[in-house]
Amino acid sequence: MARFPWLDSLGIANIGQVDKSVASPGLQIHSPCHLCPLRAALRLEFAQFTAPPGTNTLKPQPTLLPLPLTSIFILSTFAWLTPRSFHKQLSTVLTLLPLKSVTESFAKVIHGLKVGHLTDRVIQRSKRMILDTLGVGFLGTSTEVFHKAREYSKIYSSNVSSTVWGQPDFRLPPTYAAFVNGVAIHSMDFDDTWYPATHPSGAVLPVLMALSEALPPSPKCSGLDLLLAFNVGIEVQGRLMHFSKEAKDIPKRFHPPSVVGTLGSAASASKFLGLSMTECREALAIAVSHAGAPMANAATQTKPLHVGNAARHGLEAAFLAMLGLQGNKQVLDMESGFGAFYANYAPQILPDVDSHTWLLDQQDVAFKLFPAHLATHWVADAAASVRKQLVRDRALLPTDHMERIVLRIPDVQYVNRPFPDSEHEARHSFQYVACAMLLDGAITVPSFHQHQVNRPQVRELLGKVELEHPRDNLPNFNTLYCEISVVLKDGAIFTGSSDTFYGHWRKPLSQKDLQEKFRANACGMLSHHNVERLIEIVENLEDLEDCSVLTSLLKEPSPPEIVSKSL
């Protein structure tokens, strides 16, 4: 049995056996010089078992191996071992053949997109997403749900491991490092939001960070490699959501990151690992069977697992595709395939790579200034406007004179929580966010701590809140608005409204404010030097020659003053 320790150490599988009795005697397999990072790692591992004694396996050399007819799947899994002439002819044939399915067109785009296809705007926007996601991930390591996921993952071990962000003494196999870091990112609902509605970055970035750290140091993975794979994962999510009108509204049935995020994770991992077009297609098919989580678990500790699982399952799908596991070749075309997650599913074949345009080029993301469901940010903005009218010269809010608080908002049931009992319910409560803003004049990370949620003044105000759902106020992040009216006992009415809050894609955060958010989120886990270094590296990510410079900062030991504060 020819074993591949690098993959085996990840807990994936062993690679098949060469059956000499049925091998084709004249067929040989050769390796080209230019290899992607994982292919290179596999080639070196493979050479250790096939090269003659004394051969220097660190130099590119042809490796001869009889091809077993009983293991024909090796042709697809190890396509990089074939001669360049055959590779070129095969590529030409695949290019000339008409695309027969949506699934095939996705695989072709994932496999075919190159660094040169990235635009300046896509690079700049994705760097902002990466910085913000790292920051909310560091902050999320302080949450209870993160610590539960961390404890669970301790049962897994591997010779190859990746960093759990901000935990220098704790490492996991790449799939579970991606899982735990994904949970951290969404643990406070502080991560970015796109349109159609999903959290795009949390399922993708942990996968790429885990892989870039787990891969052998040579050849190096560059910042552009990372940006390309990241954007492929984001693009796949957006394209899939554009196939359904339902996806444009705030979700009612499935949590979108658990659906499109899983396929985005698989796509980004497939790109980063250099999978063939066939393997990309299989990875998507496998990922579909890992996808989906119900909205019933919104506002609970389980919801962050949706993002962690999307990261882990997508990476697993790519690994399994590398090993030749097969799925439905038209899984994205079928109502019983990916169409099972969305009503009115109408998939379309993607344009050719040469005419590809990025959705992120057309549609930016929203960045949150406080950790709660995106729809509550309109409420906070409107409530702040009303408070300015009610509170002047540092006076206290006249709660005793307030009779009613009327919120005119879309009908979103899982964010309608009149009396939230936990931090997670408070993050998904129109009512709580309105009352907290009226009382305090600001919403911050501590606003959702249990003792803040249970304040008597808050509970009193919550009892005065009424909801109205105007017909024109649809549950859509691109069109919704919020209007708040505070009615005093003397009949006076104070009204405020918001149709776009600061941080929405129509009113994006400045780079300065985005960096300040990152500093505030990361300072509890990293030294000031490392925080500033991460900002600098991400700001210039397209110029980074070696991603290990970035990943090394994710595992940098915390300085003594930070450790003492956390005890």
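The shown structure was predicted, so the numbers you read here are calculated from the model rather than taken from an experiment. (Residues numbered from 1 in each chain as written. Predicted model: local features only at pLDDT ≥ 70, side-chain atom pairs only at ≥ 80, totals over all residues. Heavy atoms only, no water.)

Peer 1: Which residues make up the nonpolar core, and what values do they have?
Peer 2: Counting residues in each nonpolar core, the largest one holds 97 residues, and the members touching the most others are Phe-106, Leu-240, Leu-263, Leu-332, Phe-338 and Leu-550. Looking at this core element by element, the count peaks at ten residues for helix H10 (residues 223-241). Leu-550 has contacts with Met-209, Leu-226, Leu-534, Ile-537, Val-538, Leu-541 and Leu-544, leaving out every residue within four places of it along the chain. Among the nonpolar cores identified, the runner-up in size contains 51 residues, and Tyr-432, Ala-436, Val-453 and Val-465 belong to it. (Core = buried A, V, L, I, M, F, W, Y, C linked by side-chain atoms within 4.5 Å. Buried < 20%, exposed > 50% of the residue type's maximum accessible area, 1.4 Å probe, protein only. Helix = DSSP H or I, 4+ residues; strand = E, 2+ residues; numbered from the N terminus. Contact = heavy atoms within 4.5 Å.)

Peer 1: How would you explain the pattern of salt bridges if you had to name every residue and give the values?
Peer 2: As enumerated under the stated definition, the model contains 26 salt bridges in all. The partner of Arg-281 in a salt bridge is Glu-282, with the nearest N and O atoms 3.2 Å apart. With respect to class, Arg-281 is no different from Glu-282; both count as buried. Its salt-bridge partner being Glu-532, residue Arg-519 comes within 2.6 Å of it at the nearest N-O pair. One end of the pair, Arg-519, is in helix H20 (residues 511-522); the other, Glu-532, is in helix H21 (residues 528-539), with 13 residues separating them in the sequence. Here Arg-519 falls in the partly exposed class, since its relative accessible area comes to 23%. On the basis of relative accessible area, Glu-532 is assigned to the partly exposed category, the value being 24%. Counted as one network, the salt bridges with shared partners bring together Arg-150, Glu-151 and Lys-154. (Salt bridge = Lys/Arg side-chain N within 4 Å of Asp/Glu carboxyl O.)

Peer 1: For the packing of aromatic side chains, give the residues involved together with the corresponding values.
Peer 2: Tallied over the entire structure, the rule returns 15 aromatic pairs. Their ring planes at 5° and their centres at 6.3 Å tell us that Trp-378 and Phe-477 sit as a pair that is stacked. A residue pair is termed long-range when its members are at least 10 positions apart, and Trp-378 in helix H15 (residues 375-390) and Phe-477 in the loop between strand E6 (465-468) and strand E7 (482-488) qualify at 99 residues. Considered together, Trp-378 and Phe-477 belong to a single accessibility category, that of buried residues. Looking at Lys-517, its charged tip hangs above the ring of Phe-190, at a distance of 4.1 Å from the centre. (Phe/Tyr/Trp six-rings, centres within 6.5 Å; stacked < 30°, edge-to-face > 60°. Lys NZ or Arg CZ within 6 Å of the ring centre and 35° of its normal.)

Peer 1: I'd love a proper account of the environment of Lys-517, names of residues and values included.
Peer 2: By the secondary structure assignment, Lys-517 is in helix H20. Residues Lys-517 and Leu-131 lie 386 residues apart in sequence; the distance between their C-alpha atoms is 9.6 Å. Excluding residues within four positions of it along the chain, Lys-517 makes contact with Asp-132, Val-136, Phe-190 and Lys-368. Within polar-contact distance, the side chain of Lys-517 engages the side chain of Asp-132 at 2.8 Å. (Polar contact = N/O pair within 3.5 Å; in protein donor to acceptor, adjacent residues only side chain to side chain.)

Peer 1: Describe the side chain of His-199, naming the residues involved and giving the relevant values.
Peer 2: Here His-199 lies in the loop between helix H8 (174-186) and helix H9 (205-214). Here Thr-193 takes part through its side chain, which lies 3.4 Å from a polar atom of the side chain of His-199. Dropping the residues within four chain positions of it, His-199 is found in contact with His-186, Asp-189, Asp-191, Asp-192, Thr-193, Gln-237, His-255, Pro-257 and Lys-368.

Peer 1: Quick rundown of H9? Include the residues and the values.
Peer 2: With ten of ten residues buried, H9 is to be regarded as a mostly interior element. Within the sequence span of H9, burial applies to Leu-205, Pro-206, Val-207, Leu-208, Met-209, Ala-210, Leu-211, Ser-212, Glu-213 and Ala-214.

Peer 1: Quick one: what's the story with unusual backbone geometry, residue by residue and with numbers?
Peer 2: The linkage connecting Tyr-195 with the following residue, Pro-196, adopts the cis geometry, with an omega of -5°. Of note, the phi angle at Asp-189 is positive, near 55°, even though the residue is not glycine. Here Asp-189 is to be found in the loop between H8 and H9. Of note, the phi angle at Ala-299 is positive, near 65°, even though the residue is not glycine. Judged by its relative accessible area of 5%, Ala-299 falls in the buried class.

Remember that the coordinates give geometry; whether it matters functionally is a separate question.
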